[in-house]
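# Coordinate inspection notes
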Amino acid sequence: MPKAKSSLPETTDRRITALVTLLAENATIIISGTRIAREIGVSRSTVWRWVQRLRELGVRAKGHPRTGYYLEKVPDLLTPDMLKTRLKGSIFGRHIHHYLKVDSTNRVAMELGYSNVPEGAVVLAEEQTAGRGRAGRAWHSERGTGIYVTLLLRPKISPVQAPLLTMMAGLSARAAIQAQTGLTLDLKWPNDLMLNGKKLGGILTEMHAEPAQVRFVIVGIGVNANQEKFPAELSSIATSLRAQTSRSISRMELLVRLLREFETDYNRFLRDGAASVTQRFESVSSYARGKRVIVSNAAETYAGVTAGLSPEGLLRVERESGSIVTVIAGDVREAS
Ligand code: BTN
């Protein structure tokens, strides 16, 4: 049932992104507060407030109201204007909803889904205050360091096929990261991006469906790009591209690659069906076959060895008794 009342937050004021663009186009040149105020159509005190806000996001804007402002370095903000230019011709370049701070891009994308927003809408945030992870967990979403993006899709598939989109998104993210950094990720069924045994990112797919037909699916992707450290409870299990390479990663570049890969994979999935995902997933994931794992779900915890994927993308596990079970829900971890 569609929701009666929408609680969509306001997206980033386009004038803030216009301020970033103006400064970026004139990088290293001091522009007076008066000129910025005139070109963007706000007061000088608003310009000052926004510059301070941008600084909090890591934008290296120098100067103050008396002298004017300049950028020390072009910022790695995921502004819709720049993204749209880079995504010309893509379904993901049409409706981009950007937030400096939002509770969860998945939450917002669900609202857009109910509001009949077309397929391809992208929800992006520089920071999430209530990022959602799998199984009701929180997703740590530090400001300006990770990629927090959710895509709205309206595929004509049955609900049982929707989890394949999670695995597909993992393949797209893996390819994008490999192309940009040369690093090879492992994929842990169904939704974990792993690097050197630690979690680099994750995917959370949610949907609204009738019994036989999906109404819409949202695919939320989180990638740890430039985090330098994690909270104590995550530090032994999480990693970032920066932590692994000692280099800072262009989030804009990575996001563009990710969305392009995703679009290609999505079209292939719609055309060729589930096997286009399951076969590729099996060929790149060390978890798909022959891995000793512990599976825990609400009812039990058991050990076994992975034995490939079912045609719907569910993981098969051979239990110690010799019986083969299909994991529908639950956590899978490598047995030590
Ligand atoms: C997981 O591995 O537990 C899934 C993590 C998914 C995180 C992303 S970040 C963007 C999107 N918005 C959310 O609230 N969650 C997903």
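About the criteria used
- Residues numbered from 1 in each chain as written.
- Predicted model: local features only at pLDDT ≥ 70, side-chain atom pairs only at ≥ 80, totals over all residues.
- Heavy atoms only, no water.
- Helix = DSSP H or I, 4+ residues; strand = E, 2+ residues; numbered from the N terminus.
- Polar contact = N/O pair within 3.5 Å; in protein donor to acceptor, adjacent residues only side chain to side chain.
- Contact = heavy atoms within 4.5 Å.
- Core = buried A, V, L, I, M, F, W, Y, C linked by side-chain atoms within 4.5 Å.
- Buried < 20%, exposed > 50% of the residue type's maximum accessible area, 1.4 Å probe, protein only.
- Domains from an automatic or database assignment.
- Near = heavy atom within 4 Å.
- Areas by Shrake-Rupley, 256 points an atom, 1.4 Å probe, with all protein chains shown as cover.
- Nonpolar A, V, L, I, M, F, W, Y, C, P; charged D, E, K, R; others polar.
- Expected span 1.5 Å × (residues − 1).
- Arc of directions from axis to C-beta.
- Phe/Tyr/Trp six-rings, centres within 6.5 Å; stacked < 30°, edge-to-face > 60°.
- Lys NZ or Arg CZ within 6 Å of the ring centre and 35° of its normal.

## A look at the side chain of Thr-150
Inspection of the secondary structure assignment puts Thr-150 in strand β5 (residues 147-153). There is a polar contact of 2.7 Å between the side chain of Thr-150 and the side chain of Thr-105. Excluding residues that lie within four positions of it along the chain, Thr-150 makes contacts with Thr-105, Asn-106, Ala-109, Ala-121, Val-122, Val-123, Ile-218, Val-219 and Gly-220.

## Observations concerning the nonpolar core
Within soluble globular proteins, side chains that are nonpolar tend to cluster in buried spots. One finds Leu-165, Trp-189, Val-219, Ile-221 and Phe-262 to be the most contacted residues of the largest nonpolar core, which totals 60 residues. Of the domains in this structure, domain 2 (80-283) and domain 3 (287-334) are the two that each give at least three residues to this core. The contacts of Trp-189, once residues within four sequence positions are left out, are Met-167, Phe-281, Tyr-287, Leu-309, Gly-313, Leu-314, Leu-315, Val-327, Ile-328 and Val-332. Within the second largest apolar cluster, 22 residues are counted, among which are Leu-54, Ala-61, Tyr-69 and Leu-71.

## So, the site of the ligand
In the vicinity of the ligand lie 21 residues, with Ser-104, Thr-105, Arg-132, Arg-134 and Lys-199 positioned nearest. Residue Thr-105 places a side-chain N or O atom 2.9 Å away from a nitrogen atom belonging to the ligand. Contacts to the ligand include Asn-106, whose side-chain N or O atom sits 3.4 Å from a nitrogen atom. Protein chains bury 98% of the 420 Å² of accessible surface belonging to the ligand in isolation. If you list the elements that add at least two residues to the shell around the ligand, you get α5 (105-114), β5, β8 (198-209) and β9 (214-223). Here the element with the most residues in the shell around the ligand is β8; it accounts for four residues. Per-class residue counts for the shell around the ligand are six nonpolar, 11 polar and four charged.

## Topic: helix α3 (residues 44-56)
With 13 residues, α3 ought to run about 18 Å at 1.5 Å a step, and its terminal C-alpha atoms sit 19 Å apart, in line with that. Along α3, the residues classified as buried are Thr-46, Val-47, Trp-50, Val-51 and Leu-54. The buried residues of α3 occupy one face: seen down the axis, they fall within an arc of 140°. Exposed and facing more than 90 degrees away from the buried side of α3 are Ser-45 and Arg-49. In this structure, the buried residues of α3 make contact with α1 (14-25), α2 (33-40), β1 (61-64) and β2 (68-71). Just downstream of α3 lies Gly-58, where phi reads positive at about 95°.

## What about the packing of aromatic side chains?
Considering all chains together, one arrives at four aromatic pairs under this definition. Ring centres of Phe-92 and Phe-262 lie 5.7 Å apart, and the angle between their planes is 75°; on these two criteria the pair is classed as edge-to-face. Remark: Phe-262 occurs in helix α8 (residues 251-272) and Phe-92 occurs in the loop between α4 (80-86) and β3 (96-99); sequence separation between them is 170 residues. Accessibility classification places Phe-92 together with Phe-262 in one group, the buried group. These aromatic residues form a ring-pair network of at least three members: Phe-92, Phe-262 and Tyr-266. Its guanidinium or amino end placed over the ring of Tyr-287, Lys-188 lies 5.9 Å from that ring's centre, counting from NZ or CZ. Geometry around Tyr-302 places Arg-319 over its ring, the cationic atom sitting 4.0 Å from the centre.

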